[in-house]
Amino acid sequence: MDYHVSRRANLIRDCKSDGVDGLLVTHPVNVRYLTGFTGSSGVLLLSARHAVLVSDARYEEQIKEECQGLDVHIRPHTKTLNEATAEVLNKSGLKGVGVEADHMSIATLAALQDKAGKASYSPLSGRVEHLRAAKDPSELEQIKAAVGVAERAFKMFVALMRETDTEKELADAMEQYIRRAGGLKSAFAPIVAAGERGALPHAAPTNKVVGESSKLLIDWGADVGYKSDLTRTLKSPFPVPPLRKSKEERTGYPFDAVYEAVRQAHEAAVKELRHGAKAKDVDTAARKALTKHSPKGIDLNDHFTHGLGHGIGLETHEGPQLRQNSDAVLEAGNVVTIEPGVYLPGWGGVRIEDDYYITKDGCLRLSTLPHDPGAIG
């Protein structure tokens, strides 16, 4: 089955109610989703009668490999992409054209209106992204592959980690392990946060030595075209006592109790994952579990400072969003992260994240690494 042809047909069907004859797709990720083209310079003009990819000579042979059967307009180096797109628009005869309001700049729209002014342009939002939210079988297999790469990289990471390593050295190493495990690159810059620095949900790696801390938070993912996104929080995995205890990492909260509360929140959310579930209800289930299982004297939900999760696919963050103010309703085919986290200043953080495929009756966990802070897979 040619999924790209099917996606383009579905998009045109969905755009009929917008009163446009065609759609101009300019966001590179959306162009890739609809055509298979992985280059950095391409625009797709799509209608019931047209499917034309506009690019340049650098990608001519690549397009032949990636986009067989697709009409292509290769611009000469003497013309800009906007000028070439205007030429294709003028030849198409389309009167009403939708443009991606979330991605097209005002300058680009003005250039098209100037050079292809016979058409009227209507800003449309999220049309391709809505289709991308439900993954087809080919996409699911690629996400599974990205998860597998990330898990192999994690096992290398733990096996080769030394107590004298810094956060930055380990983050850099994780990027290498992802490539060695078969990935194209990291899905995002890995997060390696030791001790109290785990209280920063998106901590940038520093020269802090990990052997000085009692716990370590690692957030990483692999990119194989499609992406994965995982987080684990470990007790100090070193077989010998830390070199010296960090003066910044305060005690006061029992690690096992905090970890167990986050694990319970994760499991409570997973129980709600299914076709038709409201995303905000899944988020709420996790927060209620955090409160219920909090150690005496603290409500850990007060320290859960971000949404529960997000869709993942060609981009690390895409729809649907799982958060308290989300209007999204989950549907079969969504692939989402579940990542409850607790962040206690001066103590550190705990986050457990996995990727899940939504089905009619529930969900399928795509990742296999254990939820045990002392286990390494």
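Placed above this text is the structure.
Residues numbered from 1 in each chain as written. Predicted model: local features only at pLDDT ≥ 70, side-chain atom pairs only at ≥ 80, totals over all residues. Heavy atoms only, no water.

A look at the packing of helix 4 (residues 81–92) against helix 5 (residues 106–115)
In step 1: Where helix 4 meets helix 5, the axes come as close as 9 Å, and the angle between the chain directions of the two elements is 45 degrees. When the interaxial angle is binned, helix 4 and helix 5 end up oblique. Handedness of the crossing formed by helix 4 with helix 5: right-handed. Between helix 4 and helix 5, the contacting residues are Asn82, Glu83, Thr85, Ala86, Leu89 and Asn90 on the first element and Thr108, Ala111, Leu112 and Lys115 on the second. (Axes fitted to C-alpha atoms, helices over the stretch in contact; angles between N-to-C directions. Helix = DSSP H or I, 4+ residues; strand = E, 2+ residues; numbered from the N terminus. Parallel < 35°, antiparallel > 145°, perpendicular 65-115°, else oblique. Left-handed = near helix turned anticlockwise from the far one by under 90°. Contact = heavy atoms within 4.5 Å.)

So, the sheet that holds strand 8 (residues 191–194)
In step 1: Read across the open sheet, the 3 strands follow the order 8-9-11; overall the sheet is antiparallel. Edge strands, defined here as strands with exactly one partner in the open sheet, are strand 8 and strand 11 (230–235). On average, adjacent strands in this sheet sit at an angle of 10 degrees to one another, irrespective of strand direction.
In step 2: Sheet analysis places strand 9 (residues 215–220) next to strand 11, joined by 6 bridges and oriented antiparallel. Directly across from Trp220, in strand 11, lies its bridge partner Leu230. (Pairing = 2+ DSSP bridges.)

Some remarks on the packing of aromatic side chains
In step 1: Here the structure, examined in full by the defined rule, presents 6 aromatic pairs.
In step 2: On the numbers, 4.7 Å between centres and 15 degrees between planes, the contact of Phe154 with Trp220 is stacked. In this pair, Phe154 is assigned in helix 7 (residues 137–160) and Trp220 in strand 9, connecting sequence segments 66 residues apart. You'll find Phe154 and Trp220 in the same group, each marked buried.
In step 3: Each ring, one from Tyr253 and one from Trp347, has its centre 6.1 Å from the other, and the planes form 90 degrees; the classification is edge-to-face. With Tyr253 in the loop between strand 11 and helix 9 (255–272) and Trp347 in the loop between strand 15 (341–344) and strand 16 (348–351), this residue pair connects regions lying 94 residues apart in the sequence.
In step 4: Through a chain of ring-to-ring contacts, the aromatic side chains of Tyr253, Phe255, Tyr259 and Trp347 assemble into a single cluster.
In step 5: Geometry around Trp347 places Lys215 over its ring, the cationic atom sitting 4.1 Å from the centre.
In step 6: The ring of Phe304 has Arg287 sitting right over it, with the charged end atom 4.0 Å from the ring centre. (Phe/Tyr/Trp six-rings, centres within 6.5 Å; stacked < 30°, edge-to-face > 60°. Buried < 20%, exposed > 50% of the residue type's maximum accessible area, 1.4 Å probe, protein only. Lys NZ or Arg CZ within 6 Å of the ring centre and 35° of its normal.)

A few points about the pattern of salt bridges
In step 1: Using the criterion set out here, one finds 23 salt bridges in the structure.
In step 2: The closest approach of N and O atoms between Arg7 and Glu139, which form a salt bridge, is 3.9 Å. Of this pair, Arg7 sits in helix 1 (residues 3–15) while Glu139 sits in helix 7; the two residues are 132 residues apart in sequence, bridging distant segments of the chain. Take Arg7 and Glu139: they sit in the same class, and that class is buried.
In step 3: The salt bridge involving Arg232 is made with Asp354; its shortest N-O contact spans 2.8 Å. In this pair, Arg232 sits in strand 11 while Asp354 sits in strand 17 (residues 354–358), placing the two residues 122 residues apart along the sequence. Each of the two residues, Arg232 as well as Asp354, counts as buried.
In step 4: One continuous salt-bridge network, built from bridges that share partners, spans Arg132, Lys135, Glu315 and Glu318. (Salt bridge = Lys/Arg side-chain N within 4 Å of Asp/Glu carboxyl O.)

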